[in-house]
Amino acid sequence: MTFVDGPVTVRVPASSANLGPGFDALGLAVTLYDDVTAEVTESGLDIRVTGEGQHGVPLDETHLVVEAMHAAFDLLGGRPEGLRLTCVNQIPHGRGLGSSSAAIVGGIVLARALVDGGETLLDDASAYQLAVDLEGHPDNVAAAFFGGLTIAWVDGAAAEVERLRTDVQVTVFVPPSAVSTKQARGLLPDTVPHGDAAFNAGRAALLVAALTQSPHRLISATEDRIHQAYRAEAMPESYKLVRRLRVEGVPTIISGAGPTVLSFARGVADLAPAGWAVHELDIDRDGVRIVTD
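Residues numbered from 1 in each chain as written. Predicted model: local features only at pLDDT ≥ 70, side-chain atom pairs only at ≥ 80, totals over all residues. Heavy atoms only, no water.

Before going further, it helps to spend a moment on the overall build of the protein chain. Each helix and strand in the protein chain was counted, giving 9 helices and 11 strands. At 19 Å, the protein chain has a C-alpha radius of gyration in line with the 19 Å of a compact globule built from 293 residues. For the protein chain, the C-alpha atoms occupy an extent of roughly 60 × 40 × 35 Å along the three principal directions. Split into buried and exposed, the 293 residues of the protein chain put 51% on the buried side. Taking as baseline every contact in the protein chain between residues at least 6 positions apart, the subset at least 24 positions apart corresponds to 73%. When the accessible area of the protein chain is evaluated, it comes to approximately 12900 Å², of which 48% is carbon and sulfur surface. Within the protein chain, the 37 negative side-chain charges are centred at a point lying 9 Å from the centre of the 21 positive side-chain charges. (Helix = DSSP H or I, 4+ residues; strand = E, 2+ residues; numbered from the N terminus. Rg over C-alpha atoms; globule rule 2.2 N^0.38 Å. Buried < 20%, exposed > 50% of the residue type's maximum accessible area, 1.4 Å probe, protein only. Contact = heavy atoms within 4.5 Å. Areas by Shrake-Rupley, 256 points an atom, 1.4 Å probe, with all protein chains shown as cover. Lys, Arg positive; Asp, Glu negative; His and termini not counted. Charge placed at Lys NZ, Arg CZ, Asp CG, Glu CD.)

The next point concerns the nonpolar core. Core analysis: the largest hydrophobic core is formed by 65 residues, its most contacted members being Met 69, Leu 85, Val 105, Ile 108 and Phe 264. Contact partners of Val 105, with chain neighbours within four places excluded, come to Val 12, Ala 131, Val 141, Ala 144, Phe 145 and Val 288. Ala 234, Leu 241, Val 242 and Ile 254 belong to the second-largest nonpolar core, a separate cluster that totals 16 residues. (Core = buried A, V, L, I, M, F, W, Y, C linked by side-chain atoms within 4.5 Å.)

With that out of the way, let us pick up the environment of Pro 21. Relative to the assigned elements, Pro 21 resides in the loop between strand E1 (8-18) and strand E2 (22-41). In this structure the C-alpha to C-alpha distance between Pro 21 and Asp 224, which are 203 residues apart in sequence, comes to 4.7 Å. Dropping the residues within four chain positions of it, Pro 21 is found in contact with Asn 200, Arg 203, Ala 204, Leu 207, Ala 221, Thr 222, Glu 223 and Asp 224.

Residues separated by three or four positions in an α-helix point in the same direction, a consequence of the helix having 3.6 residues per turn. Compared with the 18 Å implied by 1.5 Å per residue over 13 residues, the 18 Å span of helix H1 (residues 64-76) between its first and last C-alpha is a close match. Here H1 has its buried residues at Val 65, Val 66, Ala 68, Met 69, His 70, Ala 71, Ala 72, Phe 73 and Leu 76. Gly 77 occupies a position one or two residues after H1 and carries a positive phi of about 130°. (Expected span 1.5 Å × (residues − 1).)

Under the defined criterion, the tally for this structure stands at 4 aromatic pairs. Summarising the aromatic geometry, the rings of Phe 3 and Phe 73 are spaced 5.8 Å apart at their centres and angled 85° between planes, so their arrangement reads as edge-to-face. Placement of the pair is Phe 3 in the segment before E1 and Phe 73 in helix H1, with a sequence separation of 70 residues. Classification of Phe 3 by relative accessible area gives partly exposed; the value is 23%. Taking relative accessible area as the criterion, Phe 73 reaches 0% and is therefore assigned buried. Through successive ring pairs, a cluster of aromatic residues spans Tyr 128, Phe 145 and Phe 146. When the ring centre of Phe 199 is taken as origin, the NZ or CZ atom of Arg 225, which lies over that ring, is 3.8 Å away. (Phe/Tyr/Trp six-rings, centres within 6.5 Å; stacked < 30°, edge-to-face > 60°. Lys NZ or Arg CZ within 6 Å of the ring centre and 35° of its normal.)

We now examine the sheet that holds strand E9 (residues 261-263). Overall, antiparallel pairing links the 4 strands, which are arranged E8-E9-E7-E10 in an open sheet. Both outer strands of the open sheet, strand E8 (252-254) and strand E10 (277-281), are each paired with one neighbouring strand and no more. The mean angle between the axes of side-by-side strands here comes to 20°, regardless of whether they run parallel or antiparallel. Where strand E7 (residues 170-174) meets E10, 5 bridges bridge the pair, whose relative direction is antiparallel. In the sheet register, Thr 171 faces E10, and the bridge partner there is Glu 280. The strands that helix H9 (residues 236-247) touches are E7, E8 and E9; relative to E8, the one it contacts most, it runs at about 165°. (Pairing = 2+ DSSP bridges. Axes fitted to C-alpha atoms, helices over the stretch in contact; angles between N-to-C directions.)

Taking 1.5 Å per residue, 15 residues should reach 21 Å; helix H2 (residues 99-113) reaches 21 Å between its end C-alpha atoms and fits that length. Taken across its 15 residues, H2 has 13 buried, putting it largely inside the fold.

With that settled, the discussion passes to the environment of Phe 264. Looking at the secondary structure, you find Phe 264 in the loop between E9 and E10. Overall, the relative accessible area of 8% leaves Phe 264 in the buried class. The spatial distance from the C-alpha of Phe 264 to the C-alpha of Ile 253 is 8.7 Å, given a sequence separation of 11 residues. Not counting residues within four places of it along the chain, the set of residues in contact with Phe 264 comprises Leu 19, Leu 28, Val 168, Gln 169, Val 170, Leu 211, Leu 218, Thr 222, Pro 251 and Ile 253.

So, in structure tokens, the structure goes:
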């Protein structure tokens, strides 16, 4: 195995999962990015982080990008003696915008790009499978890897995905405090009523239609009964904002495990609570990519 000379940069988008009723299945890539640059060196590990998470992430081998790179290198045939890694992050951490999936997908694709002939040794299907294995669920990973609107699932042990085109625009409201995915998942019940499950199945099917061809159906299509209300106690301000926007007819959901709020609309930024960041975003259509300019 031969490593390429010089640095390589990968850009990976943020993502929103669930989108209301599509729990652990639907994902949407949006135009907010982390750029990760790496170069093979003779020895050691040098990590530099700027932007989101710069004061909270580890600067050693437990850094999530490095862990993903090492997993990919192992599949590719071996790890280099040293690495220099620079992360320029725009994706907020612990806010439900897929920061961990972006780190995993970015690390895998970065490692592959640092190996001569890496795409032959580790094709997209295998790289996606590795990312899902590392993350534990496919929704954000699929959107970050492939871009656009994705439907992701695991068939047996095999990670699968269907990618669809959508032309929606979104506004995300990012609160100043994080909520961990583990904490948010811990609030979910082990079982839900049959009626609620049936309701969500219908709304998830409608949501795919609404995002791809019938946007006027989005307010109904984004209704959920199996996860958002159960998590409200961990993010009361987020849930309050969701209800306010929905009452005004704006299709709005909790992004992923929260606490970020996502509206399928523009012109609603002035409704953000004090201290919250607001981003008006488009859909990223490309997913993770090598930056050459």
